[in-house]
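Descriptive analysis of the structure
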Amino acid sequence: MVSAASVWNMARASGFVAFGLLWLSVVWGLFVSTRLARGWPGAAQSIDLHEHLSFLALGFTLLHVLVLALPVEHGFTLAELLIPFAAHRDRMLLGIGQLAFELSAVVTLSFYVRKRIGARVWRVLHLTTLLAYAGALLHAALLGTDSSAFGVRLYYYATTGVALFLLLFRIGSAFGERSARRRVTVD
């Protein structure tokens, strides 16, 4: 039997890495969508990197879940970890994390059906990544046992600040592009 301390350390570490990879995926997706990444490293490479980051985030999140299913005192069953809001404790925050994972999985797998569902539906679906990120942040910041540590709080503040900045930049870019198109059609 694995020690409870080992399981807890593995769960914490995989959760931190999963959150960081999800953040990188979101940030890189925003970076790509603002066309900043076309010069370096290039559009195709940027999209590939974004896709790979998404799959890595899912993999580490799945590791986080599976580690918590190991048989230790006060552990969770696999059903409690996979079915949103089914856990015997911390039901709400675990459920939010589960929904964030499931939404991330749907969005990540949508890379393979983009041509079938069309670019517009795919983009709208991709917007839900922001909900997944927010859910993962709530799950981590409010349920994580290390969340009161200064470095961990700084990690969450800094990553979220960068993501919000790029989101606002992306929104501003979209308005700027629309204004430029209107000026061209008016002139």
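Residues numbered from 1 in each chain as written. Predicted model: local features only at pLDDT ≥ 70, side-chain atom pairs only at ≥ 80, totals over all residues. Heavy atoms only, no water.

Some remarks on the overall build of the protein
Secondary structure summary: the protein contains 8 helices and 0 strands in total. Moving toward the C terminus, one meets the helices and strands of the protein in the order α-α-α-α-α-α-α-α. Per-residue burial for the protein yields a buried fraction of 37% across its 187 residues. (Helix = DSSP H or I, 4+ residues; strand = E, 2+ residues; numbered from the N terminus. Buried < 20%, exposed > 50% of the residue type's maximum accessible area, 1.4 Å probe, protein only.)

Some remarks on the packing of aromatic side chains
For the structure on display, the rule yields 9 aromatic pairs. With a centroid separation of 5.8 Å and an interplanar angle of 65°, the aromatic rings of phenylalanine 19 and tyrosine 155 are classed as edge-to-face. One end of the pair, phenylalanine 19, is in helix H1 (residues 4–33); the other, tyrosine 155, is in helix H8 (residues 150–186), with 136 residues separating them in the sequence. Relative to tyrosine 156, the ring of phenylalanine 19 has its centre 5.2 Å away and its plane inclined at 90°; by these criteria the two rings are edge-to-face. Of this pair, phenylalanine 19 sits in helix H1 while tyrosine 156 sits in helix H8, and the two are 137 residues apart along the sequence. Site record: aromatic cluster; members linked through ring pairs are Phe16, Phe19, Tyr133, Tyr155 and Tyr156. (Phe/Tyr/Trp six-rings, centres within 6.5 Å; stacked < 30°, edge-to-face > 60°.)

Some remarks on the side chain of histidine 126
The residue histidine 126 is located in helix H6 (residues 119–127) in this model. A relative accessible area of 16% means that histidine 126 is categorised as buried. Those residues in contact with histidine 126 that lie beyond four places of it in its chain are His50, Val107, Ser110 and Phe111. (Contact = heavy atoms within 4.5 Å.)

Some points on the nonpolar core
In this structure, Phe19, Leu22, Tyr133 and Tyr156 are the most contacted members of the largest nonpolar core, which totals 20 residues. Elements with a minimum of two residues in this core: H1, helix H2 (43–68), helix H7 (129–143) and H8. Here the element with the most residues in this core is H1; it accounts for 9 residues. Sequence-distant contacts of tyrosine 156, that is, excluding residues within four places in its chain, are made with Phe16, Phe19, Leu137, Ala140, Ala141 and Ser147. Grouped together as the second largest cluster of nonpolar side chains are 10 residues, Ala11, Val67, Val72 and Ala87 included. (Core = buried A, V, L, I, M, F, W, Y, C linked by side-chain atoms within 4.5 Å.)

Remarks on unusual backbone geometry
If you check the backbone angles, phenylalanine 85 has positive phi at about 65° while not being a glycine. With respect to the helices and strands, phenylalanine 85 occurs in the loop between helix H3 (78–82) and helix H4 (91–109). The exposure class of phenylalanine 85 is partly exposed, given its relative accessible area of 33%. Its identity as a non-glycine residue notwithstanding, aspartate 90 has a phi of 50°, on the positive side. One can find aspartate 90 in the loop between H3 and H4.

Comments concerning H4
Along its 19 residues, H4 runs 26 Å from first to last C-alpha, staying within 8% of the 27 Å computed at 1.5 Å per residue. Three or more residues of H4 are buried, namely Leu93, Leu94, Gly95, Gly97, Gln98, Ala100, Phe101, Ser104, Ala105, Val107 and Thr108. For H4, the secondary structure elements touched by its buried residues are H1, H2, H3, H6 and H7. (Expected span 1.5 Å × (residues − 1).)

Concerning the pattern of salt bridges
All chains considered together, the criterion is met by 2 salt bridges. Between aspartate 146 and arginine 12 there is a salt bridge, and its shortest N-O distance comes to 2.6 Å. Here aspartate 146 is found in the loop between H7 and H8, whereas its partner arginine 12 is found in helix H1, with 134 residues between them in sequence. For arginine 12, a relative accessible area of 29% corresponds to the partly exposed category. For arginine 89, the salt bridge goes to aspartate 90, with nearest N and O atoms at 3.9 Å. With a relative accessible area of 31%, arginine 89 lands in the partly exposed category. (Salt bridge = Lys/Arg side-chain N within 4 Å of Asp/Glu carboxyl O.)

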